[in-house]
Every structure is written in C-alpha cells, then in structure tokens.
Amino acid sequence: KNQVEQSPQSLIILEGKNCTLQCNYTVSPFSNLRWYKQDTGRGPVSLTIMTFSENTKSNGRYTATLDADTKQSSLHITASQLSDSASYICVVTRLVQTGANNLFFGTGTRLTVIP
Amino acid sequence: ETGVTQSPTHLIKTRGQQVTLRCSSQSGHNTVSWYQQALGQGPQFIFQYYREEENGRGNFPPRFSGLQFPNYSSELNVNALELDDSALYLCASSLAAGLANYNEQFFGPGTRLTVL
C-alpha cells in the first residue's frame, strides 16, 4: 500500500532553535518527493523537490534530505522564526503513466515557534 | 503567490444544498487537480482534469463533479451536501507533458466550506 507517514505530529520550539521533521514512505515506484509549507487555512506552498538521484536540497533556512534506499526524508529548519509556524507536508509522487492520482500526502507536522 | 486563484474564500451552506467552487489555473498550465482537506489531515485527491477531460478520480461519490473550461479554469460541484463535506477545498494546477510526473503542482489558497 502506498503511504506517507510523518513525525512528529506536532512540535513546539523556541524562536532561533533548529528542528528536524521526518517523513517515511512506501510509495512505489518512486518519482519525486516534495516538502510543502501550509499556513492555517491556506494552500500548500512548495519548499523543495527531490528526485531519486538527489539526496539533499536547500531553500534558504530549509534543507531537505532524501534516502531513497531506506525511503526516508527529513526537513531541517535552522534558526527558526515565528513565521515558520505552519504545517509541513511531505508529498511523494508515484511514477505512473496516467499522471493522475499519483500524489501521496502525509498528514503533516504542525510546527509552532514561540518567542 | 502561485498564480492559482480560487473563489470564494469562504462559504457556508446547509445540508442538502449544492455548491460550486471555482479555480483559475496558473498561466500556461493545462491540468487542474482538486483536493479535499479535512481539519488536521492531509489533502485527499478528488479528481483531475486535463484539457477539459477528467483524467482520474479518487474515492469520492458521484455527487462530486467537475468541469474544465477551454481556458483551463475549473469548477468543482458538490450536490446534496453532507456535514462531512465541511473542509478546505484546494485546487492545484500543473503543466502535463509526457508522463507528467515531475511537473510540480501549484496550489491555490483554498475555499473553506462549512456545511451546517
């Protein structure tokens, strides 16, 4: 069964601290993995995208890693800011020819950054 | 901003009513996907439209239907609303080409539907 699991479910950190969010998946065959940031009540916004051959990708203070062998990804946030408070969703794309219904979403990690 | 717009932003309906949600895709994109996101959950795939044709459907009943227009904008229609239909409805546009698996989906801001 194609699944994406994220941990922790929620996280509270102090402003300025670092944190790491985890994503494990069983989606196969694998095409790519994306991390999205979703503010409450808003649409997800893409942070990073990685294909099979990429094991790290950075976007400012966000760094994503991918281990395609163990089917694990992480999103590391450095020097957190209050504006980082949001849900972070891991999305894995399955390689299929039809191109439809090939995205598998995690339930997200709710991050709260406190002053 | 992704260039994908949705309307309305919020909507309140009563059980049994019908609703139409609208989505304008990013310029140049020919594919629109619709998702339902319940509170605290990840988005669930409803269906996708590619060049005005339905191109795949998730596990949603027939009372969820859609349209895509020649300008690639799209509508999601839900008939006989139920309380459990209360959710954030997201549309995402992308440019399908070939296997179309690397093409990123750009999400709109969503429509918050509340069914009373």
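Look up a bit, the structure's there.
Scope of this entry: the structure provided in the associated data block. Not measured: the values here are computed from a predicted model.

Thresholds, definitions, all that
- Sequence order as written defines residue numbering, which begins from 1 separately in each chain.
- Labels follow written order: the first chain is A, the first ligand is 1, and so on.
- Given that this is a predicted model, residues contribute local features only at a pLDDT of at least 70 and side-chain atom pairs are listed and counted only at 80 or more, while totals for whole chains, interfaces and linings are drawn from all residues.
- No hydrogens and no water enter the side-chain calculation; it runs on all heavy atoms of the structure.
- Put simply, DSSP H or I for four residues or longer makes a helix, DSSP E for two residues or longer makes a strand, and each gets a number counted from the N terminus.
- Using C-alpha atoms as the atom set, the radius of gyration is obtained and then compared with a globule rule of 2.2 Å times the number of residues to the power 0.38.
- A simple rule labels every residue: compare its accessible area, found with a 1.4 Å probe on the protein chains alone, to the largest value its type can have, and call it buried under 20%, exposed over 50%, or partly exposed in between.
- Throughout, a contact is declared for two residues whenever any of their heavy atoms are within 4.5 Å.
- Only the protein chains shown count as cover for residues, with accessible areas throughout obtained via the Shrake-Rupley method and a probe of 1.4 Å.
- We count Lys and Arg on the positive side and Asp and Glu on the negative side, and we leave His and both chain ends out.
- The atom standing in for a charge is NZ when the residue is Lys, CZ when it is Arg, CG when it is Asp and CD when it is Glu.
- Only residues whose relative accessible area exceeds 30% and that take part in no salt bridge are eligible for patches, with like-charged residues grouped when within 9 Å of each other and nonpolar side chains (Val, Leu, Ile, Met, Phe, Trp, Tyr) grouped when within 5 Å.
- The working definition used for a salt bridge is a side-chain nitrogen of Lys or Arg within 4 Å of a carboxyl oxygen of Asp or Glu.
- Ring pairs shown here join Phe, Tyr and Trp side chains whose ring centres sit within 6.5 Å, with only the six-membered ring taken for Trp; geometry is labelled stacked below 30 degrees between planes, edge-to-face above 60, and tilted in between.
- Only when the NZ of Lys or the CZ of Arg is both within 6 Å of the ring centre and within 35 degrees of the ring normal is a charge said to sit over the ring.
- A pair of strands is treated as paired once DSSP finds two or more bridges between them.
- To get an axis, a line is fitted to the C-alpha atoms, and for a helix only the part in contact is used. The angle between two axes follows their N-to-C directions and goes from 0 to 180 degrees.

## Things to note about the overall build of chain A
Point 1. When its secondary structure is counted, chain A shows 0 helices and 11 strands.
Point 2. Traced from its N-terminal end to its C-terminal end, chain A shows the element sequence β-β-β-β-β-β-β-β-β-β-β.
Point 3. The globule rule puts the C-alpha radius of gyration for 115 residues at 13 Å, and the 14 Å found for chain A is close to it.
Point 4. By its C-alpha atoms, chain A is 45 × 30 × 20 Å across when sized along the principal axes.
Point 5. Out of the 115 residues in chain A, the part that is buried amounts to 48%.
Point 6. Within chain A, counting contacts between residues at least 6 apart in sequence, those at least 24 apart form 57% of the total.
Point 7. A total of about 5,400 Å² of accessible surface is found on chain A, and carbon and sulfur atoms cover 49% of it.
Point 8. For chain A, the centre of its 10 positive side-chain charges and the centre of its 7 negative side-chain charges are spaced 6 Å apart.

## Quick notes on a nonpolar patch on the surface
All names here are of chain A.
Point 1. A cluster of nonpolar side chains, Ile12, Leu14 and Ile114, forms an exposed patch at the surface whose accessible area comes to about 270 Å².
Point 2. In this fold, leucine 14 is placed in strand S2 (residues 10–14).
Point 3. Of the residues examined, leucine 14 reaches a relative accessible area of 45% and is grouped as partly exposed.

## Here's the deal with the packing of aromatic side chains
Point 1. With the rule as written, the count across this model stands at 9 aromatic pairs over all chains.
Point 2. With a centroid separation of 5.2 Å and 25° between ring planes, the pair formed by Tyr25(A) and Phe30(A) is classed as stacked.
Point 3. Looking at Tyr25(A), the relative accessible area reads 4%, which means it is buried.
Point 4. Here Phe60(B) and Phe64(B) contribute two aromatic rings whose centre-to-centre distance is 5.1 Å and whose plane-to-plane angle is 65°, an arrangement assigned as edge-to-face.
Point 5. Taken together, the ring pairs in this structure connect Tyr36(A), Phe105(A), Tyr35(B), Phe45(B) and Phe107(B) into an aromatic cluster.
Point 6. The aromatic ring of Tyr62(A) is capped on one face by Arg61(A), whose charged end is 5.7 Å from the ring centroid.

## Things to note about the sheet that holds strand S6 (residues 56–59) of chain A
Residue and element names in this part refer to chain A.
Point 1. Here we have 5 strands laid out as an open sheet, ordered S1-S3-S8-S7-S6, and antiparallel in their pairing. On the outer flanks of this sheet lie strand S1 (4–7) and S6, each paired with one strand and no other. Each adjacent strand pair in this sheet contributes to an overall mean axis angle of 15°, direction not counted.
Point 2. With 4 bridges joining them, S1 and strand S3 (residues 19–25) adopt antiparallel strand pairing. When the bridges of S3 are listed, glutamine 6 appears paired with cysteine 23.

## Brief notes about the pairing of strand S8 (residues 74–78) of chain B
Residue and element names in this part refer to chain B.
Point 1. Counting buried positions over the 5 residues of S8 gives 5, a clear majority of the element.
Point 2. In the sheet, strand S3 (residues 19–24) pairs with S8 via 5 bridges, with the strands oriented antiparallel. Along S8, the bridge assignment pairs valine 19 with valine 78.
Point 3. The pairing of strand S7 (residues 64–68) with S8 spans 5 bridges and is antiparallel. Opposite glycine 66, over in S8, you have leucine 76 as the bridge partner.
Point 4. Between S7 and the antiparallel strand that follows it, S8, lie 5 residues; tyrosine 72 among them carries a positive phi value of about 75°.

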